[in-house]
Amino acid sequence: MTFKKVRHWRSMCKGLVLGTVLTSCMILLYCLSMPQVHINLPEVPVPYSCAHRPFQLHPKVTINTSQQSMGKTCSPKVDIMFMKTHKTASSTFLNILFRFGEKHRLKFAFPNGRNDFFYPSFFERYQVKDYRSGMCFNIVCNHMRFNASEVAKLLPIDTSYISILRDPAELFESSFHYFGRLVPFTWKIPGEDKMTEFLLNPDKYFDPDGFNFFYLKNLLFFDFGHDNTLKSTDPQVEEGIKSISERFQLVMLVEYFEESLILLKDALCWDMDDLLFFKLNARKGSTVSKLTPELRAKALEWNAIDWKLYQHFNNTFWMKVARYGRQRMAQDVAELRRRNEEMANICIEDGHAVEAGSIHETALQPWQPLGEKSIMGYNLKNNVDKAYKKLCRKMLTPEIQYLTELGVNLWITKLWGHVRDIINW
């Protein structure tokens, strides 16, 4: 019995040492790959769009809900800043954006070497692949820590700013599951249910200066470029929420994703075809921790700033829905769901997502959290009608693979993926 215990602890120690060494190597690689800081960059926004006009963008007759007038024409808005927040169905929306960008031959501002803009550092223009002064881009949409002034100097002055939020309690649960092993202070939390233990006494385990600490406290506020360790009563919190509200024309909600897309279609003059989607990066149900009312209350208390942020934009969201018309919204949501179900029947084998081990093609396998195979994906149906095959594959393609298809160099992300496979936590 004693011998087994010794072997168990020896194995754990070896794993910890190997994990520490490899993680340190990856941190070093990330640091070495940081782009050089450019000086004397232009200090004015890009004044005009570089979209392929007018032959690519056809005006259409629409309803202008803000003026309550019928029959006015508009062209699809193609200059878009999508603030991709963490664990908020943003990968699903990214797939929509990628397809829209390809359809209109738009210029994406992509990172170089990895799939984010050197998060958690603040966004800088020089992080954009092949950036040069005076270049024009239409869309920026990869993970970043938002930096309003730098983004404004990258995109045209009439760019539409869009983002998405999620109930902070559910977001915390998802973030703890996905990023927990990347936050060293969680390693000392005892027991099997580390999230519950943490929420019962977060100050005991939380180190505001610890590595990757931001993943587990007010992550939304942090993503938007603000201090996530403030007291929720600090005046800077209200100022931060106000600045986000003034900058972003539409902040969508995960819990009302279809309604959010309909508001997006209205605001950007898109077509229903542009909104078709399959839910990407969904977790296997058995890995989702059900929050009791007590734990939910504690999660919201711990993420009080994010809760304030969410409540603010929840209110503005339903004001927009009311202006759009609730009956009209219900009809459009029903139509979108019907068309998505139709596409699922056309594209997806058995019509639903499957566990990671059951995905046949490597090209359709989603990125997994460290030590887990909890993210589900899809199999493309055999003998898909030729008219739909290209669209089906694009709708099912995970973010990393789609970025590669769009020409993004992801050598750091892919190397980290190989290291994770070797660790096999």
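Preceding block: the structure.
Chemist: Residues and numbers for the overall build of the protein, please.
Modeler: When its secondary structure is counted, the protein shows 15 helices and six strands. In the protein, which comprises 425 residues, the proportion classed as buried is 50%. Excluding contacts between residues fewer than 6 apart, the proportion of contacts in the protein whose partners are at least 24 apart in sequence is 75%. By element, 54% of the accessible surface of the protein is carried by carbon and sulfur atoms, the whole surface being about 20,900 Å².

Chemist: Mind laying out the side chain of Ser-163, listing which residues take part and the relevant values?
Modeler: With respect to the helices and strands, Ser-163 occurs in strand S5 (residues 160–165). Among the residues examined, Ser-163 registers a relative accessible area of 0% and is labelled buried. Side-chain polar atoms of Ser-163 contact the backbone oxygen of Met-83, separated by 2.8 Å. Each residue touching Ser-163, except ones within four places of it in the same chain, is listed here: Phe-82, Met-83, Thr-85, Phe-224, Phe-248, Leu-250, Val-251 and Met-252.

Chemist: Explain the packing of helix H9 (residues 257–268) against helix H11 (residues 304–324) to me, and be specific about the residues and the numbers.
Modeler: Between H9 and H11, the least distance of the axes is 11 Å, while the angle of their chain directions is 65°. For the crossing formed where H9 meets H11, the hand is left-handed. Mapping the contact onto sequence places Glu-259, Ser-260, Ile-262, Leu-263, Lys-265 and Asp-266 in H9 and Phe-317, Lys-320, Val-321 and Tyr-324 in H11.

Chemist: A description of the environment of Gly-210 should follow, citing residues and the corresponding values.
Modeler: One can find Gly-210 in the loop between helix H6 (202–205) and helix H7 (219–223). Among the residues examined, Gly-210 registers a relative accessible area of 16% and is labelled buried. As a C-alpha pair, Gly-210 and Val-183 span 27 residues in sequence and 7.9 Å in three-dimensional space.

Chemist: I'd like to hear about the sheet that holds strand S6 (residues 250–253), residue by residue, with values.
Modeler: Spatial strand order, S4-S3-S5-S6: four strands in an open sheet with parallel pairing. A single partner strand is all that each edge strand has here, and the edge strands are strand S4 (139–140) and S6. Note: S5 against S6, four bridges, orientation parallel. The residue of S6 that forms the bridge with Ser-163 is Val-251. Seen against the sheet, helix H2 (residues 90–103) touches strand S3 (80–83), S4, S5 and S6 and runs at an angle of roughly 165° to S3.

Chemist: Go over the state of the cysteines with me, naming the residues and quoting the values.
Modeler: Within this structure, the stated rule accounts for two disulfides. In this model, Cys-74 is linked to Cys-269 through a disulfide, with the two sulfur atoms separated by 1.7 Å. On the sign convention where negative is left-handed, the bridge of Cys-74 and Cys-269, at about 70° about the S-S bond, is right-handed. Taken together, the residues Cys-74 in strand S2 (residues 69–74) and Cys-269 in the loop between H9 and helix H10 (293–302) connect sequence positions 195 residues apart. Here Cys-347 is linked by a disulfide to Cys-392, with a sulfur-sulfur distance of 2.0 Å. One quick way to see it: the torsion about the S-S bond of Cys-347 and Cys-392 is about -65°, and its sign makes the bridge left-handed. On the criterion of sequence distance, the pair formed by Cys-347 in helix H12 (residues 326–347) and Cys-392 in helix H13 (residues 386–396) is long-range, its members being 45 residues apart.

Chemist: How would you summarise the packing of aromatic side chains if you had to cite specific residues and measurements?
Modeler: Inspection of the entire model under this criterion finds 31 aromatic pairs. Their ring planes at 10° and their centres at 3.9 Å tell us that Phe-179 and Tyr-215 sit as a pair that is stacked. Taken together, the residues Phe-179 in helix H4 (residues 168–179) and Tyr-215 in the loop between H6 and H7 connect sequence positions 36 residues apart. Comparing Phe-179 with Tyr-215, the two get one shared label, buried. Measuring from ring centre to ring centre gives 6.0 Å for Trp-307 and Tyr-310, while their planes differ by 10°; the resulting arrangement is stacked. Separated by three residues within a single helix, Trp-307 and Tyr-310 lie in helix H11, roughly one turn from each other. The class of Tyr-310 is buried, set by a relative accessible area of 7%. Every member of this aromatic cluster is reached through a ring pair, and the members are Tyr-119, Phe-172, Phe-176, Tyr-178, Phe-179, Phe-198, Phe-206, Phe-213, Phe-214, Tyr-215, Phe-222 and Trp-302. Against the face of Phe-222 rests Arg-145, its NZ or CZ located 3.7 Å from the ring centre. Just above the ring of Tyr-324 sits the side chain of Arg-328; from NZ or CZ to the centre is 3.8 Å.

Chemist: How would you sum up the pattern of salt bridges? Please name residues and give values.
Modeler: One pass over the full model with this rule turns up 14 salt bridges. Glu-150 serves as the salt-bridge partner of Arg-125, at 3.0 Å between the closest nitrogen and oxygen. With Arg-125 in the loop between H2 and S4 and Glu-150 in helix H3 (residues 148–152), this residue pair connects regions lying 25 residues apart in the sequence. Across the pair, exposure class does not vary: Arg-125 and Glu-150 are buried alike. Among the ionic pairs, Glu-258 bridges to Arg-337, the shortest N-O distance being 3.5 Å. Here Arg-337 lies in helix H12 and Glu-258 lies in helix H9, a separation of 79 residues in the sequence.

About the criteria used
Residues numbered from 1 in each chain as written. Predicted model: local features only at pLDDT ≥ 70, side-chain atom pairs only at ≥ 80, totals over all residues. Heavy atoms only, no water. Helix = DSSP H or I, 4+ residues; strand = E, 2+ residues; numbered from the N terminus. Buried < 20%, exposed > 50% of the residue type's maximum accessible area, 1.4 Å probe, protein only. Contact = heavy atoms within 4.5 Å. Areas by Shrake-Rupley, 256 points an atom, 1.4 Å probe, with all protein chains shown as cover. Polar contact = N/O pair within 3.5 Å; in protein donor to acceptor, adjacent residues only side chain to side chain. Axes fitted to C-alpha atoms, helices over the stretch in contact; angles between N-to-C directions. Left-handed = near helix turned anticlockwise from the far one by under 90°. Pairing = 2+ DSSP bridges. Disulfide = S-S within 2.5 Å. Phe/Tyr/Trp six-rings, centres within 6.5 Å; stacked < 30°, edge-to-face > 60°. Lys NZ or Arg CZ within 6 Å of the ring centre and 35° of its normal. Salt bridge = Lys/Arg side-chain N within 4 Å of Asp/Glu carboxyl O.

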